[in-house]
Amino acid sequence: MMLIKEIAVNVNILNSRIKKCFFDKLQENGINITPEQYLVLDILWEKQSLSQQNIADIIQKDKNSVTKIIDSLEKKNLVMRVMDKNDRRINKIELTEEAFALEKITTEVAINFMNDVVKDIDTKDLDTFVNVMRQLKNNLEG
């Protein structure tokens, strides 16, 4: 297989497999969220309050996809939409108490999961991997 094709195929497979295995790990631990929902919650645990557009920009998803994720998190009572005090056209997404209560265990599950994924891989190789991923991302950003 050509190297470029192998890279493309493996990146796609790795992304799909990580999401599926992480979803399974969350479910095993009684955490009823998807990996995409986790990504949004993780950002909000760090930033506290963001507009949907800010979230879309950070996670590199279109606004419609983020709206669906926010809707599902709202149904699970993990986030709420709050009108921005300075611009009534903007809704800020904020965490509920239930979301804050999930932070510790969910973060622990995520960290343990990724530690299992990278086990037995030398730190130097992981550093190289991260640097190559950054370069690929930069190439895509133009």
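Structure shown above.
Please read all numbers here as calculations on a predicted model, not as lab measurements.

1. A few points about the packing of aromatic side chains
Across all of its chains, the model carries 3 aromatic pairs by this definition. With a centroid separation of 5.2 Å and an interplanar angle of 80°, the aromatic rings of Phe-22 and Tyr-38 are classed as edge-to-face. With Phe-22 in helix H1 (residues 3–28) and Tyr-38 in helix H2 (residues 35–47), the pair connects residues that are 16 residues apart, well separated along the chain. Ring pairs connect the aromatic residues Phe-22, Tyr-38, Trp-45 and Phe-113, which therefore count as one cluster.

2. Here we look at the pattern of salt bridges
Counted under the stated rule, the structure contains 8 salt bridges. Close ionic contact of Lys-19 with Glu-36 constitutes a salt bridge, the shortest N to O distance being 3.3 Å. In this pair, Lys-19 is assigned in helix H1 and Glu-36 in helix H2, connecting sequence segments 17 residues apart. Using a relative accessible area of 31% as the deciding quantity, one classes Lys-19 as partly exposed. Given a relative accessible area of 22%, Glu-36 falls into the partly exposed group. As a salt-bridge pair, Lys-92 and Asp-84 come within 3.8 Å of each other at their nearest N and O atoms. Judged by relative accessible area, which is 22%, Lys-92 ranks as partly exposed. Assessed through its relative accessible area of 14%, Asp-84 is described here as buried.

Calculation rules
Along each chain, residues carry numbers from 1 onward, in the same order as the chain's sequence is written. Per-residue local features are limited, in this predicted model, to residues with pLDDT of at least 70; the limit for side-chain atom pairs, both in listing and counting, is 80 or more; totals at the level of whole chains, interfaces and linings are taken over all residues. Here the side-chain values reflect all heavy atoms present in the structure, with hydrogen atoms and water set aside. The pairing test for Phe, Tyr and Trp rings, Trp by its six-membered ring, is centres within 6.5 Å, and the orientation test on the planes gives stacked under 30 degrees, edge-to-face over 60, and tilted for anything in between. Only DSSP runs of H or I with at least four residues qualify as helices, and only runs of E with at least two residues qualify as strands; both kinds are numbered from the N terminus onward. Take a side-chain nitrogen of Lys or Arg and a carboxyl oxygen of Asp or Glu: if they are within 4 Å of each other, that pair is a salt bridge. Buried means the residue's accessible area, taken with a 1.4 Å probe over protein chains only, is under 20% of the maximum for its type, while exposed means over 50%, and partly exposed covers the values in between.

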